[in-house]
Amino acid sequence: MSHYSIKCRKCGKVLEDSFCAFCEHCKDALLVTEYHDSRFMESGAAGVWRFNWLPVHGPSSVQPGPLVYRSQGLAGHLGLEQLFIAFNGYWPEKGALLETCTFKEFEAAVVLQNARENGVAGLIVASAGNTARAFAHLSTVTGFPVVIVVPRMCLSEMWYLESSSPVPTLAVGDGDYSDSIDVAKRIALVTGFPFEGGVKNIAKRDGLGIVMLEAVSKIGKLPDHYVQAVGSGTGAIGAWEMAERFIRDGRFGDRLPKLHLGQNLPFAPMLHAWEKGSRSLFPEDLNPELIGHITTRVLSTRYPAYSVQGGVFDALTAAGGEMYGVENEAVYAGMKDFLATEGIDLVPASGVAVAVLKDAVRKGAIGKNDAVLLNITGGGEARLRKDKQTHTVMPQFISKNATEKEIEELLCHDKKKSS
Ligand SMILES: [Zn+2]
């Protein structure tokens, strides 16, 4: 028997066949995993598979978790007594061993294992960069087929761990991240492999929620505040859902961590909607031209999980959260501060999170004695390059308007090339 069921957040219906689905009644409500064991437990297994609140049964791969530690450097700099950092990246001296340098590795590990256990033969993944790297790596490690679709504008910042990766990668030459999602859905129809489902995939949210599992395991309680940069918001929703499980458990606190979520200005659709108290995003905030002005392309989706039932709007409402807008200059300053005080390089999205923390402390939204969890979603890329060779991605190019026939020809060509 499975140790979990999947339930609609809105109407409470438990669904049987629920791989990447919405509730059949509610349409606009996220399904959530309900673990039959409401007590948080850790087995003796290595890495992340020791947690009981993951939607997998028998993973065979080894997956290291986040490094969670109590900060001295940045904490001292900001005058915080209890700053805990979840570092997701490569920093072997400290015990951080994610070679893809991103927390998306947890998402990929849990999604691929969950898909395999659901009888899925392969997946189509759309990404703005870091998700592609994580899925390409774990596809290679676990032998589970994936096809990856990325926007051309993100290629300059993309790299893979494996050389001449056997993972087919298609770059959308004439579109952005959101166009890549549209193309990925069409490829899913042609190949018969499902689209990984974005925020709808419970394995994706629970996988990203590993950061909260590791943090509570280390800290012994829920933090008062949770700080993260958001693009789709899936990671923040995952953290919120895990926090709810800890509250039901009852041993780790009775208050949801307050969410402090940041976007990179001028592309900040969730910030602007939240400031106006709106569940709907405004079309003028989703203008693709704005994306050209931000330094954090991984935060550039025009389809964030904000309005959906159980999405970012509801998470912020339930947890008493706030949204922050961060200018490029402040992103770079955040990266510099972290390197100077903690001693490791960050990716720009993590610079957004550091800037949010600084802003929240400055305006008194976070108190000196509060327990804070700062989610550093990616870092250590410069550190990794001292130890390992990384590889630029050599994709096949595809148009956002590609026909089914063109898609078939491209994938066929790709198969020939790799065999
Ligand atoms: Zn429902």
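This one's a predicted model, so the numbers in the text were calculated from it and none came from an experiment.

Novice: I keep staring at the overall build of the protein and nothing clicks. Help me out?
Specialist: A tally of helices and strands in the protein yields 13 helices and 16 strands. Taking 419 residues into account, the globule formula puts the C-alpha radius of gyration at 22 Å, and the protein, at 20 Å, falls close to it. For the protein, the residues scored as buried account for 61% of the 419 residues in total. Expressed as a percentage of contacts within the protein between residues at least 6 apart in sequence, the contacts between residues at least 24 apart total 72%. If you sum the accessible surface of the protein, you get close to 16,200 Å²; carbon and sulfur atoms cover 51% of it.

Novice: Looking at this structure, how should I read the pairing of strand β10 (residues 169–172)?
Specialist: The side chains of a regular strand alternate between the sheet's two faces. Of the two faces of β10, both are covered, the one formed by Thr 169 and Ala 171 as well as the one formed by Leu 170 and Val 172. As paired elements, strand β8 (residues 146–151) and β10 share four bridges and run parallel to each other. In the sheet register, Ile 148 faces β10, and the bridge partner there is Thr 169. Relative to strand β16 (residues 396–398), β10 runs parallel, the two being bridged by three bridges. By the bridge assignment for β16, Val 172 is matched with Ile 398.

Novice: Got a minute to help me understand the packing of helix α2 (residues 104–117) against helix α3 (residues 130–142) in this structure?
Specialist: When two helices pack together, you describe them by how their axes are tilted relative to each other and by the distance separating the axes. Relative to each other, α2 and α3 sit at 50°, their axes nearing to 8 Å. Relative to α3, the element α2 is oriented oblique. Like other packed secondary-structure pairs, α2 and α3 cross with a definite hand, here right-handed. Listed contacts from α3 to Lys 104, Glu 105, Glu 107, Ala 108, Ala 109, Val 111, Leu 112 and Arg 116 of α2 are Asn 130, Thr 131, Ala 134, Phe 135, Leu 138, Ser 139 and Thr 142. Each residue belonging to the contact of α2 with α3 can be placed in one class, and the counts come to seven nonpolar, four polar and four charged.

Novice: Honestly, the side chain of Thr 100 in this entry has me stumped. Any pointers?
Specialist: Summarising the element assignment, Thr 100 is placed in the loop between β6 (96–97) and α2. Ignoring any residue separated from it by four or fewer positions in sequence, one finds Thr 100 in contact with Glu 105, Arg 133, Ala 134, His 137, Trp 159 and Leu 161.

Novice: Quick question: what am I supposed to make of the sheet that holds strand β1 (residues 4–8) here?
Specialist: Think of a sheet as strands paired side by side through backbone hydrogen bonds, with each pair either parallel or antiparallel. Spatially, β2-β1-β3 is the arrangement adopted by the three strands of the open sheet, whose pairing is antiparallel. Looking at strand neighbours, the two that pair on one side only are β2 (14–15) and β3 (31–35), the edges of this open sheet. Direction of pairing for β1 relative to β3: antiparallel, over a ladder of five bridges. By the bridge assignment for β3, Ile 6 is matched with Thr 33.

Novice: What is the right way to look at the pattern of salt bridges in this model?
Specialist: Should their charged atoms come close, side chains of opposite charge can pair. On inspection of all chains with the given rule, the structure shows 26 salt bridges. Between Arg 9 and Glu 244 there is a salt bridge whose closest N-O contact spans 2.7 Å. With Arg 9 in the loop between β1 and β2 and Glu 244 in helix α7 (residues 234–249), this pair connects stretches of sequence that are 235 residues apart. The residue Arg 383 makes a salt bridge to Asp 387 at a minimum N-O spacing of 3.2 Å. Of this pair, Arg 383 and Asp 387 both sit in helix α12 (residues 381–387), four residues apart, which is roughly one turn of the helix. According to the relative accessible area criterion, Arg 383 is buried, its value standing at 14%. Taking the relative accessible area as the measure of exposure, Asp 387 reaches 43% and is therefore partly exposed. What you see here is one network of salt bridges that share partners, running through Glu 42, Arg 50, Glu 214 and Lys 218.

What counts, and where the lines are drawn
Residues numbered from 1 in each chain as written. Predicted model: local features only at pLDDT ≥ 70, side-chain atom pairs only at ≥ 80, totals over all residues. Heavy atoms only, no water. Helix = DSSP H or I, 4+ residues; strand = E, 2+ residues; numbered from the N terminus. Rg over C-alpha atoms; globule rule 2.2 N^0.38 Å. Buried < 20%, exposed > 50% of the residue type's maximum accessible area, 1.4 Å probe, protein only. Contact = heavy atoms within 4.5 Å. Areas by Shrake-Rupley, 256 points an atom, 1.4 Å probe, with all protein chains shown as cover. Pairing = 2+ DSSP bridges. Axes fitted to C-alpha atoms, helices over the stretch in contact; angles between N-to-C directions. Parallel < 35°, antiparallel > 145°, perpendicular 65-115°, else oblique. Left-handed = near helix turned anticlockwise from the far one by under 90°. Nonpolar A, V, L, I, M, F, W, Y, C, P; charged D, E, K, R; others polar. Salt bridge = Lys/Arg side-chain N within 4 Å of Asp/Glu carboxyl O.

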